Amino acid sequence: MTTFFHKFPSKHTQFSKQKHTIDQPHWYSIETGIYNSKHTPRTLPSDPFIDTVSHIFSHKHNGKTALIDSSTGYRMSYSELHTLVQSMACGLHHQIGVLYLGAIVTTMNPLSSILEIKKQTLDCNVNLAFTLSSRVKELSELGIVCINVPQNADFDCNLGEFSRFSELISRNQDLVRPRTITQNDTAAILYSSGTTGASKGVVLTHRNLISGVELFVQFEASQYDDRNEENVYLAVIPMFHIYGLTLFTMGILSLGSSIVVMNKFDPNEMIKAISKYGVTHFPAVPPLITTLTKIGKSVHGARLKSLKQVSCGAAPLNTKTIQEFVQTFPLVDFIQGYGMSESTAVGTRGFNTRDSKNYSSSGLLAPNMEAKVVDCVTGSCMPPGKTGELWLRGPAVMKEYLNNVEASNSTIDKDGWLHTGDIVYFDHEGFLYIVDRLKDIIKYKGFQIAPADLEDVLACHPAIVDAAVIGDVDDEAGEVPMAFIVKKPEADVSGSDIIDFVAKQVRPHKKVRKVKFVNAIPKSAAGKILRRELKYNLYSRL
């Protein structure tokens, strides 16, 4: 799961534009081939028993309002939030812990199919789930204990369906946590997608999440002179994604800023929320940037005047889209960069001016991070200006893949380097450029889709002999899943039949959008699908 960001800072940004010589830049070692961050290292907590939640609330700030419901206007203060976290931990103490107590959390898309839920919950050995009323019956049938969570804060606590939730948050805070949770303990499992295999569980420790808070969010905030307590963030992107999780569930709460939460995206509601609550910061994905630019050019543009900073993640943006945004919002800073679920969204941070040649750059290495650019054939480390696979090393790199020793060992080597699978190069000023991806992950509206997951579904269709899935370029979504199908000679099946078949078994964003019937799927001698050949044949005929 790769996340991209990019930055065009305002006059507040504290950044040196000093250039370095090509032969001996202080941030690159010719002897070791290691790139170091040009930023001053950030101090991470030395207490081995600090947990993520305690670290978040240890940051001192003067923030008043933590969360705001965009539709109802309900507000929760920071003091109320901390109290609820403690109450919830006490309430769950005799059932299952939470992050505050040392239990492990895994996130899921609420639109996941029952097959996807079953697969992930079995993989993680889930004991308890927090979910909405619409999913309680399905989860219960899988043998999972469910806590029905109300969608609005002003729910009736006397209603039977919410009684367990009400009891949890009303618990007396009489629990004294033993100092047994260490930074190296597993805190969360997020599911990412591999190059050719199915989704894998990314195991993140408390140290990883603390690094995400410090090297991503706290570092970002330190580049500005703004009072963080006065900033208002709009939460539209999903919090089950590493981008939203690191930002909204953890990082921003350490700043004292306010977060306006939208239940689901709607352009008109987005405009209202920005205007009504004076939103200053808007983390987004590419389709939202396009929507925001269109709104900015319309009569509603004046209602977005409170915006100071917009960031984009989960997929790259082309230069034209960035230029249109910057021209539409000349006073708004724009951020992009590079990170992965496997690196807790920490990788690079951009520091480019609006008229910079570095529009397509993903920025500079984040503090405390190291990198190598390795030639995929020779294994040699490449200097600035030369391409190769990006390797990352630092405190944000995941512990392992869950229940997958082979994938773990092939992704993180014995020296702690995370092999990202992305082809990149650093320029002579230390800016990172993404050239291509070794991975075949499909980027659909900020979501990442493993072709192998869809191919497994297609293989179950009685009329299909063989199938392959690629990402087809789409102006609105970035990429859409396209299936190449080899059907049985006697089969009477249409493209729409196949699209409907897949749609019933996967989340909405993972649906196959296009189908092309072919005589054979191109494969290597080892049986690996040659997706690049499929794409080449497809586009060469246009």
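Refer to the structure presented above.
Computed from a predicted model, the values in this text were never measured in an experiment.

Enquirer: Which residues make up the overall build of the protein chain, and what values go with them?
Expert: If you tally the helices and strands in the protein chain, you get 14 helices and 27 strands. Taking all 542 residues of the protein chain together, the buried fraction comes to 53%. For the protein chain, the proportion of contacts with a sequence separation of at least 24, taken over those separated by at least 6, is 68%.

Enquirer: Tell me about the pattern of salt bridges, and name the residues and values.
Expert: Under the defined criterion, the tally for this structure stands at 15 salt bridges. Close ionic contact of R349 with E220 constitutes a salt bridge, the shortest N to O distance being 2.4 Å. Here the residue R349 occupies a position in strand β16 (residues 348–349), and E220 occupies one in helix α6 (residues 206–222), the gap between them amounting to 129 residues. Considered together, R349 and E220 belong to a single accessibility category, that of buried residues. If you follow the salt bridges from partner to partner, you end up with E116, D453, R507 and K510 in one network.

Enquirer: Before we move on, could you go through the nonpolar core and cite the residues and values that matter?
Expert: Membership of the largest hydrophobic core comes to 85 residues, with the highest contact counts inside it found for L234, F282, L292, L307 and V310. One finds I442, L458, V493 and V502 within the second-largest nonpolar core, a separate group that totals 20 residues.

Enquirer: Tell me about the packing of α6 against helix α7 (residues 242–250), residues and numbers included.
Expert: Contact geometry of α6 with α7 gives a least axis separation of 10 Å together with a crossing angle of 85°. The angle between α6 and α7 falls in the class roughly perpendicular. Note on element contacts: α7 touches α6 through Y243, T246, L247 and M250, opposite L209, G212, V213, F216 and V217. When grouped by side-chain class, the residues that make up the contact of α6 with α7 number 7 nonpolar, 2 polar and no charged.

Enquirer: A description of the pairing of strand β26 (residues 478–487) should follow, citing residues and the corresponding values.
Expert: Within a regular strand, side chains alternate between the sheet's two faces. Of all 10 residues that make up β26, 8 are buried, and the element is covered over most of its length. Bridge count between strand β25 (residues 464–474) and β26: 10 bridges; the pairing is antiparallel. Counterpart to V469 in the pairing with β26 is A483. Here β25 folds back onto β26, and the loop between the two strands holds 3 residues. Of the pairings in the sheet, the one linking β26 to strand β27 (residues 514–517) comprises 4 bridges and is parallel in character. Note on β27: the bridge partner recorded for F484 is K516. Note on the crossover from β26 through helix α13 (residues 495–503) to β27: the handedness is right-handed.

Enquirer: Give a detailed account of unusual backbone geometry, specifying residues and quantitative values.
Expert: Although it is not a glycine, A345 sits at a positive phi angle of roughly 70°. Within the secondary structure, A345 is located in the loop between β15 (337–340) and β16. Judged by its relative accessible area of 3%, A345 is buried. Backbone geometry at N368 places phi at a positive 70°, although glycine is not the residue there.

Enquirer: Any chance you could break down the pairing of strand β10 (residues 232–235) for me, citing the residues and the numbers?
Expert: Where burial is concerned, the two faces of β10 agree: the one with V232 and L234 and the one with Y233 and A235 are both buried. As defined by bridge partners, β10 adjoins strand β11 (residues 258–261) across 4 bridges and the pair is classed as parallel. Directly across from V232, in β11, lies its bridge partner S258.

Enquirer: Explain a nonpolar patch on the surface residue by residue, including any values.
Expert: On the surface, I114, L115 and L142 cluster together into a nonpolar patch covering about 230 Å² of accessible area. Considering the arrangement of structural elements, one finds I114 in helix α3 (residues 114–124).

Enquirer: Give me the lowdown on helix α8 (residues 267–277), citing residues and values where you can.
Expert: By the burial criterion, the buried members of α8 are M270, I271, A273, I274 and Y277. Looking at the buried positions of α8, the neighbouring elements they touch are β3 (65–69), β4 (75–77), β10, β11, β12 (281–284) and α9 (286–297). At the N-terminal boundary of α8, the capping side chain belongs to D266, with an oxygen 3.1 Å from the backbone nitrogen of N268. In the stretch just after α8, G278 is the one whose phi turns positive, near 65°.

Enquirer: Got a sec to walk through the packing of aromatic side chains? Specific residues and values, please.
Expert: This structure, assessed with the given rule, holds 7 aromatic pairs. Here W27 and Y35 contribute two aromatic rings whose centre-to-centre distance is 6.1 Å and whose plane-to-plane angle is 20°, an arrangement assigned as stacked. Owing to a relative accessible area of 1%, Y35 belongs among the buried residues under this scheme. Put simply, the rings of W27, Y28, Y35 and F426 touch in pairs and so form one group of aromatic residues. The ring of F517 is capped by K487, whose NZ or CZ atom sits 4.8 Å from the centre of that ring.

Enquirer: Explain α7 residue by residue, including any values.
Expert: Counting buried positions along α7 gives 8 out of 9 residues, so the element sits mostly inside the fold. For α7, the complete set of buried residues consists of I242, Y243, G244, L245, T246, L247, F248 and M250.

Enquirer: Account for the side chain of S77, with residues named and values stated.
Expert: The residue S77 is located in strand β4 in this model. A distance of 3.0 Å separates the side chain of S77 from the side chain of S79, its partner in a polar contact. Once residues lying within four places of it in the same chain are set aside, the contact partners of S77 are K64, T65 and A66.

Enquirer: Go over the packing of α9 against helix α10 (residues 319–328) with me, naming the residues and quoting the values.
Expert: Helix-helix packing: each pair is described by the crossing angle between the helix axes and the interaxial distance. Running from N to C, α9 and α10 point in directions that differ by 35°, and their axes come no closer than 9 Å. α10 is crossed by α9, and the crossing has left-handed handedness. Of the residues in α10, those touching α9 at I289, T290, L292, T293, G296 and K297 are T321, E324, F325 and T328. Class assignment of the residues belonging to the contact of α9 with α10 gives a composition of 3 nonpolar, 5 polar and 2 charged.

Enquirer: Can you tell me about the environment of P481, naming the residues and giving the values?
Expert: Note on placement: P481 falls in strand β26. Residue P481 is classed as buried on the basis of its relative accessible area of 0%. As a C-alpha pair, P481 and K443 span 38 residues in sequence and 8.8 Å in three-dimensional space. Excluding residues within four positions of it along the chain, P481 makes contact with I442, I449, L454, V469, I470, K510, K511, V512, R513 and K514.

Enquirer: Summarise the environment of N125; cite the residues concerned and give the values.
Expert: Secondary-structure assignment places N125 in the loop between α3 and β6 (128–131). You can call N125 exposed: its relative accessible area is 57%. Along the backbone, N125 and I144 are 19 residues apart, and their C-alpha atoms lie at a distance of 9.8 Å.

Rules behind the numbers
- Residues numbered from 1 in each chain as written.
- Predicted model: local features only at pLDDT ≥ 70, side-chain atom pairs only at ≥ 80, totals over all residues.
- Heavy atoms only, no water.
- Helix = DSSP H or I, 4+ residues; strand = E, 2+ residues; numbered from the N terminus.
- Buried < 20%, exposed > 50% of the residue type's maximum accessible area, 1.4 Å probe, protein only.
- Contact = heavy atoms within 4.5 Å.
- Salt bridge = Lys/Arg side-chain N within 4 Å of Asp/Glu carboxyl O.
- Core = buried A, V, L, I, M, F, W, Y, C linked by side-chain atoms within 4.5 Å.
- Axes fitted to C-alpha atoms, helices over the stretch in contact; angles between N-to-C directions.
- Parallel < 35°, antiparallel > 145°, perpendicular 65-115°, else oblique.
- Nonpolar A, V, L, I, M, F, W, Y, C, P; charged D, E, K, R; others polar.
- Pairing = 2+ DSSP bridges.
- Right-handed = clockwise from strand over helix to strand, strands pointing away.
- Patch = residues over 30% accessible without salt bridge, like charges linked within 9 Å, V, L, I, M, F, W, Y side chains within 5 Å.
- Areas by Shrake-Rupley, 256 points an atom, 1.4 Å probe, with all protein chains shown as cover.
- Polar contact = N/O pair within 3.5 Å; in protein donor to acceptor, adjacent residues only side chain to side chain.
- Phe/Tyr/Trp six-rings, centres within 6.5 Å; stacked < 30°, edge-to-face > 60°.
- Lys NZ or Arg CZ within 6 Å of the ring centre and 35° of its normal.
- Left-handed = near helix turned anticlockwise from the far one by under 90°.

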